[in-house]
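Remarks on the overall topology
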Amino acid sequence: MSKKKVVYFWDPDVGNFHYGPGHPMKPQRLAVTHSLVHHYGMYKKMMVYKPYRATMHDMCRFHSYEYIDFLQRISPHNVQNFTKSLGMFNVGDDCPVFDGLYDFCSRYTGASLEGAMKLNHQCADIAINWSGGLHHAKKFEASGFCYVNDIVIAILELLKYHPRVLYVDIDIHHGDGVQEAFYLTDRVMTVSFHKYGNYFFPGTGDMFEIGADSGRYYSVNVPLKEGIDDNMYMHVFKPVMQSVMDFFQPTCIVLQCGADSLGSDRLGCFSLSVKGHGECVKFIKDLGVPLLVLGGGGYTVRNVARCWTHETSVLINEDISNEIPYNEYFEYFAPDFSLHPDISTKQENLNTRQYLESIRQFIHENLKYLSHAPSVQMQDIPTDIFNLEDPEENLNPDIRNHQETEDRRIEPNNEFYDGEQDNDKEEADLDV
Ligand SMILES: [Zn+2]
């Protein structure tokens, strides 16, 4: 039995942002998720942190300065002065200008970045940021409700210490922003499972997108048709991921857990259950490789919260009750108040075993071209972000970082008491 240290990021303000009336992306789903995680008592099994906030400098590790500068300046009160930029940066319709937009990006990106740092320094085996996973954002523009690509920025951080990073995306939409960022490199393999066809957003991700130059065969796409259920999803997910692991041998994994692949999603058309979605998370966790777990899409708020709560329990290896504990969002879970109601979509499954088998075969044949897992020459490692932001910290970074870490712990140390276990604040160690 190995001990797994799980770090979980929660920013109490991140659920208070609003994309605008009628917009399907609701940051409130994060507050609902956290409320369930908290009321199930799962904070006792994790280190809960209020995350670092990403700076402009952090965001510009991937994005252009002009684009981030624009995000920082724009507000609902001055949009009329930016009409040209709005079009240029694809901000306005799907990706609206709202109050606190830059602040929102800074919070969800900071948590993913800090998660990467915790993994790099072996302060955690698993880091969870449900507010992250905004996989559509591009270097120069917003896309699909995503402004800053926290995933790309976190992976760049992981690459300081990890020769090979695997990215896995189970959102119903293609993980196009992440794939594009690493399309030419063999150090990051991107694997996306998504709905493809009939102009489904974003329109990319057919199985022939395999990467280019040094990155040829390092982009993997699993295009699926609507209505896929748990059984069929597992039938393709597990063998594909096993082949990817065998051939690529990643030293770290980033998992985007978009919950719009669940049945009954407001924008999605798959038919996964919360347990089926969680089965993917369990499979990846059980590989035993350092893991950064992120959120993503998900537009039926109550089911997003159910899904990410269940997945948090999977990651800390705890069974939790099907009965939802009383909390401030209790009425969202009417009429059954359960974690696992039937959410299957009354929609025909257009996938066939034969179709999935042909995709699996195609991917397996391509992976055979990876003659050996790439490695990199070790180089001087750039300084970590905390030291860059405050020159004073360079004087004695260990002491300062330690104190800062203590300051940002959300749950008081004495709340880590859990029945027969003692209340040692290092008690995030879990039997796995
Ligand atoms: Zn999505």
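- An unreviewed UniProt entry annotates the protein chain as Histone deacetylase originating from Platynereis dumerilii.
- According to the UniProt record, the Catalytic activity (unreviewed entry) comment for the protein chain reads "N(6)-acetyl-L-lysyl-[histone] + H2O = L-lysyl-[histone] + acetate".

1. Thoughts on the overall build of the protein chain
- Along its length, the protein chain carries 13 helices and 9 strands.
- Within the span of the protein chain, comprising 432 residues, buried residues form 47% of the whole.
- Summarising the internal contacts of the protein chain: among those between residues at least 6 apart in sequence, 78% fall at separations of at least 24.

2. Concerning helix α10 (residues 301-315)
- The first and last C-alpha atoms of α10 sit 21 Å apart over 15 residues, in line with the 21 Å expected at 1.5 Å per residue.
- Burial analysis of α10 places 14 of its 15 residues in the buried class, the great majority of the element.
- Just past α10, the residue N317 takes up positive phi, approximately 65 degrees.

3. Overview of the packing of helix α1 (residues 28-39) against α10
- Running from N to C, α1 and α10 point in directions that differ by 45 degrees, and their axes come no closer than 8 Å. Judged by the inter-axis angle, α1 sits oblique to α10. In the packing of α1 onto α10, the handedness of the crossing is right-handed. Judged by residue contacts, Q28, R29, V32, T33, L36 and V37 of α1 engage V301, V304, A305, W308, T309 and T312 from α10.
- Its residues assigned to classes, the contact of α1 with α10 comprises 7 nonpolar, 4 polar and 1 charged.

4. Considering the pairing of strand β1 (residues 3-9)
- Burial within β1 is extensive, with 5 of its 7 residues counted as buried.
- Strand direction decides the pairing type here: β1 and strand β3 (residues 126-129), joined by 3 bridges, are parallel. Bridge pairing in β3 links Y8 to I128.
- Of the strand pairs in this sheet, β1 and strand β2 (residues 47-49) are connected by 3 bridges, and their pairing is parallel.

5. With respect to the nonpolar core
- Counting 116 residues, the largest nonpolar core has Y167, V254, L255 and V293 as its most contacted members.
- Among the elements that make up this core, the one with the highest residue count is helix α5 (residues 101-120) (9 residues).
- What L255 contacts, discounting residues up to four positions off in sequence, is V168, V281, I284, L291, V293 and L294.

6. Structural notes on the pairing of strand β7 (residues 252-256)
- Buried residues dominate β7, accounting for 5 of its 5 residues.
- A two-sided burial pattern is seen for β7, the buried positions comprising C252, V254 and Q256 on one face and I253 and L255 on the other.
- Taken together, the 5 bridges between strand β4 (residues 165-169) and β7 define a ladder with parallel strand orientation. Following the sheet pairing, V168 is matched in β7 by L255.

7. Observations regarding the environment of G175
- Within the secondary structure layout, G175 lies in the loop between β4 and α7 (176-181).
- By C-beta crowding, G175 is classed as buried, having 29 other C-beta atoms within 10 Å.
- Put simply, G175 and F193 are 18 residues apart on the chain and 8.4 Å apart in space, counted from C-alpha to C-alpha.
- Leave out the neighbours within four places in its chain, and G175 touches H135, D169, T190, S192 and Q256.

8. Observations regarding unusual backbone geometry
- For the bond running from F201 to P202, omega is -5 degrees, close enough to zero to count as cis.
- Summarising the element assignment, P202 is placed in the loop between β5 (188-195) and β6 (219-224).
- Between A334 and the following residue, P335, the backbone shows a cis peptide bond with an omega angle of 0 degrees.
- Structurally, P335 can be placed in the loop between α10 and α11 (353-367).

Reading guide: rules and limits
Residues numbered from 1 in each chain as written. Predicted model: local features only at pLDDT ≥ 70, side-chain atom pairs only at ≥ 80, totals over all residues. UniProt positions renumbered as here; feature names shortened; annotations may be inferred. Helix = DSSP H or I, 4+ residues; strand = E, 2+ residues; numbered from the N terminus. Buried ≥ 20, exposed ≤ 12 C-beta atoms within 10 Å, placed from the backbone. Contact = placed C-beta atoms within 7 Å. Expected span 1.5 Å × (residues − 1). Axes fitted to C-alpha atoms, helices over the stretch in contact; angles between N-to-C directions. Parallel < 35°, antiparallel > 145°, perpendicular 65-115°, else oblique. Left-handed = near helix turned anticlockwise from the far one by under 90°. Nonpolar A, V, L, I, M, F, W, Y, C, P; charged D, E, K, R; others polar. Pairing = 2+ DSSP bridges. Core = buried A, V, L, I, M, F, W, Y, C linked by C-beta atoms within 7 Å.

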